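Residue-level structural notes
Next come the chains, spelled out residue by residue.
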Amino acid sequence: MENSKTSKTEAKPKKASAKKSDVAGDLRELFVDSLKDIYWAEKALTKALPKMANKATTAKLIEGLEHHLTETEEQVKRLEEVFSIIDVKARAKKCEAMEGLIKEAKSIMKATAKGPVRDAGIIAAAQKVEHYEIATYGTLVAFAKTLGEDAAAELLAQTLAEEKTADETLSEAAYNDINFEASEEEEQDK
Ligand SMILES: [Fe+2]
Ligand SMILES: [Fe+2]
């Protein structure tokens, strides 16, 4: 029974010894899967962003949303380039998270009247979208680099930078441009 004391350490199960190549293959699969996911999300955003711009009032916000729509259309094409670089057919796979965020944006717009409060709601919803995209592209850049797909990583990093700028623009619109006071005065004038 002398063994029983040492068996604790000896019995420690060895980590599943997946071969390095298997891990790389699996990471590649996860990378491709995530690309399909964000491809769906970006396409969905090309439809959602104009609706948000339509419902907004603050000029800077409308401008920001419209500018980011143009960028988003480019981002869709950029993803198609990434697919082509890694030699995978560009295919979209429904992104449940983005579907939920867009749904949330719609319900905020439905629940508020046109004006500063709706604008604040649109900004809140749009920033959640940007944050999701920032997280996703940050991961995708890291995956691409790990897989040695440097050209793909560079393209994805371009989009990541655009998403960060879009987020900052929305913050500025929220803190500097929405005119809550004017609408309060209007209320009092009524
Ligand atoms: Fe995007
Ligand atoms: Fe974005």
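Residues numbered from 1 in each chain as written. Chains lettered and ligands numbered in written order. Predicted model: local features only at pLDDT ≥ 70, side-chain atom pairs only at ≥ 80, totals over all residues. Heavy atoms only, no water.

With that out of the way, let us pick up the packing of aromatic side chains. Taken as a whole and judged by the stated rule, the model has one aromatic pair. When the ring of Tyr-39 is compared with that of Phe-83, the centres are 5.5 Å apart and the planes differ by 65°; the resulting orientation is edge-to-face. Taken as a pair, Tyr-39 in helix H2 (residues 20–55) and Phe-83 in helix H3 (residues 59–85) lie far apart in primary sequence, 44 residues in all. Just as Tyr-39 is buried, Phe-83 falls in that class too. (Phe/Tyr/Trp six-rings, centres within 6.5 Å; stacked < 30°, edge-to-face > 60°. Helix = DSSP H or I, 4+ residues; strand = E, 2+ residues; numbered from the N terminus. Buried < 20%, exposed > 50% of the residue type's maximum accessible area, 1.4 Å probe, protein only.)

In this section: the packing of H3 against helix H6 (residues 150–177). At a closest axis distance of 10 Å, the pairing of H3 and H6 adopts a crossing angle of 170°. The angle between H3 and H6 places the two elements in the roughly antiparallel class. Of the two elements, H3 crosses H6, and the hand of that crossing is left-handed. Partitioning the contact of H3 with H6 into residue classes produces 12 nonpolar, six polar and seven charged. (Axes fitted to C-alpha atoms, helices over the stretch in contact; angles between N-to-C directions. Parallel < 35°, antiparallel > 145°, perpendicular 65-115°, else oblique. Left-handed = near helix turned anticlockwise from the far one by under 90°. Nonpolar A, V, L, I, M, F, W, Y, C, P; charged D, E, K, R; others polar.)

Taken together, Glu-42 (OE), Glu-42 (OE), Gln-75 (OE1), Glu-133 (OE) and Glu-163 (OE) make up the protein donors of the iron ion (ligand 1), found 2.1 to 2.3 Å from the metal. In the primary sequence, the donor residues of the iron ion (ligand 1) line up as E-x32-Q-x57-E-x29-E. Between the two metals, the iron ion (ligand 1) and the iron ion (ligand 2), the spacing is 3.3 Å, and Glu-133 donates to both. With Glu-42 in helix H2 and Gln-75 in helix H3, this pair connects stretches of sequence that are 33 residues apart. Here Glu-42 falls in the buried class, since its relative accessible area comes to 0%. (Donors = N, O, S within 2.8 Å, 3.2 Å for Na, K, Ca; no water.)

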